[in-house]
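Observations on the model geometry
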Amino acid sequence: MDKSQIISLLQSEGEERSELFRKARETRDKLIGNKVYFRGLVEFSNICSKDCLYCGIRKSNDQVIRYEVSDEEVLDACRFAWMNRFGSVVLQSGELSSPAFVKRVDRLVREIRKLSDNELGITLSCGEQTRETYQRWFESGAHRYLLRIEATNRDLYRRIHPDNDYHSFERRLEALGYLRESGYQVGTGVMIGLPFQTYEDLAGDLLFFREQDIDMCGMGPYIEHEDTPLYEFRHLLMTKEERFDLALKMIAVLRLLMPDINIAAATALQAIDPAGREKAIAIGANIIMPNLTPTFYRKEYQLYEDKPCLDEDAELCRNCLEARIQMAGSEIGYNEWGDSKHFFKRKGTGR
Ligand code: SAH
């Protein structure tokens, strides 16, 4: 598939669009099966040193009450995941690189392995770090890492981030390289429907994923947040429904481009459509991240407006997901890590 073909799929309507969705689902079912894997998500801190222009927990947003979930609470949430046979957890946070933060994540990773008899798989999503930090966390037992590139068109990247070295595209790209070298299954992704973003940019994002030979992808619609600088450009946005539809098409096209990677049904989909994640599962995604952050903290991890499940506790979340996934015609891979098949294939060929 070349760029113009991808653009035409991203713009498809009617019969052509249905055909895209049907093919994407068929490709997933054939190549990796119809199982969906759970990653219990713990947003363990919203303290962030970055000032990304789109993000509700950016450093300069003083409307947010900053929190750190205690180690004990993080471990309780992970124990819940383990007891409920989730297979894996994701630890996500704002971006810090202080020695105390690095040490804390390291300790949590070890503790999670210990409490679950090494059964819980661990994905980290804690932003850009040094090569040494990534290696350290990997050695302690994390084996997947999600670091979204956010936008691969350099000009667009500039427009949605402060213009300084601390928010540089090159650094983020370099970090993805360190992750790969350290041995992780590497995931990245972008936001879909950003102001100034074109279909060509999105097609470029998909080709970037293939070029980078990624193992996993998490991408979802951009949703404006009123306490961020990018809110000013909300008049340029597609409707939320259009962004949602475009996100589904991005997932479907990526499934065709990279049939054996893991693709997450991003939580942001659900902020627009209550059945958003299940719709993504029905057209080719295979990962879902039930939120296990203690409810008390959740309202302060508002990356965007209308973030779902703000007041549902983990038990409720699990029950509602189970029913929804069955409705989408998939099965849950309980107690399995659900690793990226692509990762093992590339390892087998020494890439
Ligand atoms: N600090 C980590 C985790 C960031 S939060 C890191 O830097 O990787 C996870 C993701 O939320 C981000 O990568 C971004 O793509 C997404 N996000 C942030 N603000 C958003 C918004 N307004 N709408 C949709 N997604 C958003």
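In the block above lies the structure referred to throughout.
Described in the following lines is the structure provided in the data block. (Residues numbered from 1 in each chain as written. Predicted model: local features only at pLDDT ≥ 70, side-chain atom pairs only at ≥ 80, totals over all residues. Heavy atoms only, no water.)

**A few points about the overall build of the protein chain**
As a reminder, the rule being used: In this text, helices come from DSSP runs of H or I with a minimum length of four residues, and strands from runs of E with a minimum of two, each type numbered from the N-terminal end. This radius of gyration counts C-alpha atoms alone. The globule rule is 2.2 Å times how many residues there are, raised to the power 0.38. Throughout this description, buried means an accessible area under 20% of the type-specific maximum (1.4 Å probe, protein chains only), exposed means over 50%, and partly exposed covers the range between. Residue contacts are counted whenever heavy atoms from the two residues lie within 4.5 Å of one another. To be clear on the numbers: accessible area is Shrake-Rupley with a 1.4 Å probe, and residue cover counts the displayed protein chains and nothing else.
For the protein chain, the count of helices and strands is 14 helices and 10 strands. Against the globule reference of 20 Å for 351 residues, the protein chain gives a C-alpha radius of gyration of 19 Å, in line with a compact fold. Overall size of the protein chain, expressed as C-alpha extent along the three principal axes, is 50 × 45 × 45 Å. Going through the 351 residues of the protein chain one by one, you find that 61% of them count as buried. Across the protein chain, the fraction of contacts at a sequence separation of at least 24, relative to all contacts at a separation of at least 6, is 76%. Here the protein chain has roughly 14,200 Å² of accessible surface; of this, 49% comes from carbon and sulfur atoms.

**Describing the pattern of salt bridges**
Heads up, the rule is: By definition, a salt bridge exists where a carboxyl oxygen of Asp or Glu is found within 4 Å of a side-chain nitrogen of Lys or Arg.
One pass over the structure, following the stated rule, counts 35 salt bridges. Two residues, R22 and E26, come together in a salt bridge whose shortest N-O distance is 3.0 Å. Residue R22 and its partner E26 are both found in helix α2 (residues 14–31); the two are separated by four residues, about one turn of the helix. Using a relative accessible area of 44% as the deciding quantity, one classes R22 as partly exposed. Note on E26: relative accessible area 39%, which makes it partly exposed. Each of K50, E95, E128, E150, R171 and R172 takes part in salt bridges that share partners, so that together they form one network.

**Points about the packing of aromatic side chains**
Inclusion rule: Aromatic rings from Phe, Tyr and Trp, taking only the six-membered ring of Trp, are treated as a pair when their centres fall within 6.5 Å; an angle between ring planes under 30 degrees marks them as stacked, one over 60 as edge-to-face, and anything in between as tilted. Remark: a charge is flagged as sitting over a ring if the NZ atom of Lys or the CZ atom of Arg is within 6 Å of the ring centre and within 35 degrees of the ring normal.
According to the stated counting rule, one finds 15 aromatic pairs in the structure shown. Note on F38 and F86: the rings are 4.9 Å apart at their centroids and 70° apart in plane angle, and the pair reads as edge-to-face. Taken as a pair, F38 in strand β1 (residues 35–45) and F86 in the loop between α3 (71–83) and β2 (88–93) lie far apart in primary sequence, 48 residues in all. Summarising the burial analysis for this pair, F38 and F86 share the class buried. Ring geometry for F208 and F209: centres 6.2 Å apart, planes at 70°, overall edge-to-face. Here F208 and F209 have matching classes, each one buried. Grouped by ring-pair contacts, the aromatic residues F38, F80, F86 and Y334 constitute a single cluster. Seen from the ring of Y166, K50 lies directly overhead, with NZ or CZ sitting 5.6 Å from the centre.

**Let's talk about the environment of Q302**
By the element assignment, Q302 lies in the loop between α12 (295–298) and α13 (314–327). With residues near it in sequence (within four places) discarded, Q302 still touches G56, I57, H225, K307 and L310.

**Some details on the site of the ligand**
The line we're drawing: We call a residue near a given molecule or strand whenever any one of its heavy atoms falls within 4 Å of it. Between N or O atoms, a polar contact is any pair within 3.5 Å; within protein, one atom must be a potential hydrogen donor and the other a potential acceptor, and residues adjacent in sequence are included only when both atoms are from side chains. Polar here means any residue outside two lists: the nonpolar Ala, Val, Leu, Ile, Met, Phe, Trp, Tyr, Cys and Pro, and the charged Asp, Glu, Lys and Arg; Gly therefore counts as polar.
In the region of the ligand, 19 residues are neighbours, and Y54, S93, R148, E150 and I223 sit closest. Within the contact set of the ligand, an oxygen atom lies 3.1 Å away from a side-chain nitrogen or oxygen of E95. I223 is positioned with one of its backbone polar atoms (N or O) 2.8 Å from a nitrogen atom of the ligand. Considered on its own, the ligand offers 560 Å² of accessible surface; in the complex 92% of this is hidden by protein. Here the residues of the shell around the ligand are counted per class, giving 10 nonpolar, five polar and four charged.

**Re the environment of Q270**
Looking at the secondary structure, you find Q270 in helix α10 (residues 267–272). For Q270, a relative accessible area of 10% corresponds to the buried category. Excluding its chain neighbours within four sequence positions, the residues that come into contact with Q270 are G276, R277, P308, C309 and R324.

**Section: the environment of W337**
For W337, the position within the fold is in the loop between β10 (331–332) and α14 (341–348). The spacing of W337 and S88 is 249 residues in sequence and 5.8 Å in space, taken between C-alpha atoms. With near-sequence residues (within four places) excluded, W337 lies in contact with R39, G87, S88, R113, N118, E119, L120, G121, H143 and R144.

**A look at the side chain of S168**
Topologically, S168 is positioned in the loop between α6 (154–159) and α7 (169–182). Among the residues examined, S168 registers a relative accessible area of 12% and is labelled buried. Within the structure, the side chain of S168 is placed 3.0 Å from the backbone nitrogen of R171, a separation counted as a polar contact. S168 has contacts with Y157 and R158, leaving out every residue within four places of it along the chain.

Remember that the coordinates give geometry; whether it matters functionally is a separate question.
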